[in-house]
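# Structural overview for review
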Amino acid sequence: WRQCGIPGEVRFHTEPELALGMVQELVTRNVLPFSWVAGDEVFGRDPAFLDGVAELGKWYMAEVPGNTRVWLRTPSVEPPGRGPLGRPRTRPRVARNAASPIEMRDLAQRLSWHRLTIKEGSQGTMIAEFAFVRVTAIREGLPGPRVWAMFRRSLGPQPECKYYLSNAPPRSAPHELAHRSGMRWPIETAL
């Protein structure tokens, strides 16, 4: 840090923290109109980044690992209070009778898939199979925001599946979400 001239009071920031700071600055300065923020798994695994983008009034399309867990239905939450045995609970918890969250890769096996165009590329039309379902994200073991779980599977003999979460509105059209899933790559290439 000394060799690079970085001031001592500057603290380490993760990539998602740096990115959220950049997005916040763009919103504050209002010099670049945009509605969407796209990110790979590094950003999709970071709830603070996703929630920060949402708090700015922007939509995110973030890739997440296949083991990301979600609820199909928002479970009930029991408030802190007296427990049936032992000490009282100091934190809320998911109701004991609530369904367990499910991993995205397992959820993908239950859904109907549809072929959609991602975009027109320099080598022709990019098409993949997609599935969509509204889910409840997990935040510190409790129900978080209601979001889109999107699944994109490549065509061919060895299909690869990618998993996404998006806070796009419930009325969002599938073709719009599919298109947004392909926007990260050309931007990364340009940068």
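Details of the structure are given in the entry above.
Computed from a prediction, not measured in an experiment: that's the story for all the values here.

Thresholds, definitions, all that
Residues numbered from 1 in each chain as written. Predicted model: local features only at pLDDT ≥ 70, side-chain atom pairs only at ≥ 80, totals over all residues. Heavy atoms only, no water. Helix = DSSP H or I, 4+ residues; strand = E, 2+ residues; numbered from the N terminus. Buried < 20%, exposed > 50% of the residue type's maximum accessible area, 1.4 Å probe, protein only. Areas by Shrake-Rupley, 256 points an atom, 1.4 Å probe, with all protein chains shown as cover. Lys, Arg positive; Asp, Glu negative; His and termini not counted. Charge placed at Lys NZ, Arg CZ, Asp CG, Glu CD. Polar contact = N/O pair within 3.5 Å; in protein donor to acceptor, adjacent residues only side chain to side chain. Contact = heavy atoms within 4.5 Å. Phe/Tyr/Trp six-rings, centres within 6.5 Å; stacked < 30°, edge-to-face > 60°. Pairing = 2+ DSSP bridges. Core = buried A, V, L, I, M, F, W, Y, C linked by side-chain atoms within 4.5 Å. Expected span 1.5 Å × (residues − 1). Salt bridge = Lys/Arg side-chain N within 4 Å of Asp/Glu carboxyl O.

### Side note on the overall build of the chain
A tally of regular secondary structure across the chain gives six helices and ten strands. The principal-axis extents of the C-alpha atoms in the chain amount to approximately 65 × 55 × 30 Å. Burial status across the chain gives 37% buried among its 191 residues. When the accessible surface of the chain is split by element, carbon and sulfur atoms take 52% of a total near 12300 Å². Here the chain contributes 26 positively and 19 negatively charged side chains, and the mean placements of these two sets differ by 7 Å.

### Section: the side chain of Arg-139
Among the structural elements, Arg-139 can be located in strand 8 (residues 124-139). By relative accessible area, which is 16% here, Arg-139 ends up buried. Within the structure, the side chain of Arg-139 is placed 2.9 Å from the side chain of Asp-51, a separation counted as a polar contact. The contact partners of Arg-139, leaving out residues within four places of it in the chain, are Pro-47, Leu-50, Asp-51, Tyr-60, Gly-144 and Pro-145.

### As for the packing of aromatic side chains
Centre distance and the angle of the planes are the two values used to describe a pair of aromatic rings. Scanning the model with the defined rule gives six aromatic pairs in all. Relative to Phe-49, the ring of Phe-43 has its centre 5.2 Å away and its plane inclined at 55°; by these criteria the two rings are tilted. Note on Phe-49: relative accessible area 3%, which makes it buried. Taken together, a centroid distance of 6.0 Å and an interplanar angle of 5° make the contact between Phe-130 and Phe-132 stacked.

### Description of the pairing of strand 10 (residues 161-166)
Bridge count for strand 2 (residues 59-64) against strand 10 is four bridges, and the pairing is antiparallel. When the sheet's bridge partners are listed, Ala-62 is paired in strand 10 with Leu-165. Where strand 9 (residues 142-153) and strand 10 come together, six bridges link them in antiparallel fashion. Following the sheet pairing, Arg-153 is matched in strand 10 by Cys-161.

### A word on the nonpolar core
With 28 residues, the main nonpolar core has Phe-49, Met-104, Leu-107, Val-135, Phe-151 and Leu-165 as its most contacted residues. Among the elements of the structure, helix 1 (15-29), helix 3 (47-55), strand 2, helix 4 (104-108), strand 8, strand 9 and strand 10 are those that each provide at least two residues to this core. Leu-116, Ala-128, Tyr-164 and Ala-168 belong to the second-largest nonpolar core, a separate cluster that totals 13 residues.

### Focus: unusual backbone geometry
You will see that Asn-30, though not glycine, has its phi angle at about 55°, which is positive. Located in the positive-phi region is Glu-140, a residue other than glycine, with phi close to 55°. Mapped onto the elements of the fold, Glu-140 is located in the loop between strand 8 and strand 9.

### Let's talk about helix 1
With 15 residues, helix 1 should cover 21 Å at 1.5 Å per step; its first-to-last C-alpha distance of 21 Å lies within 8% of that length. Residues of helix 1 that are buried in the fold lie against strand 1 (36-39), helix 2 (41-44) and helix 3. The positive-phi residue at the C-terminal boundary of helix 1 is Asn-30, with phi of around 55°.

### Digging into the pattern of salt bridges
Enumeration according to the criterion identifies ten salt bridges in this entry. Between Asp-51 and Arg-139 there is a salt bridge; the shortest N-O distance is 2.9 Å. Linking Asp-51 in helix 3 with Arg-139 in strand 8, this pair joins segments that are 88 residues apart in sequence. The residue Arg-180 makes a salt bridge to Glu-176 at a minimum N-O spacing of 2.8 Å. Taken together, the residues Arg-180 and Glu-176, both in helix 5 (residues 174-181) and four residues apart, mark about one turn of the helix. Owing to a relative accessible area of 25%, Arg-180 belongs among the partly exposed residues under this scheme. Each of Glu-63, Glu-160 and Lys-162 takes part in one network of salt bridges that share partners.

That is the geometry; function is a separate question.
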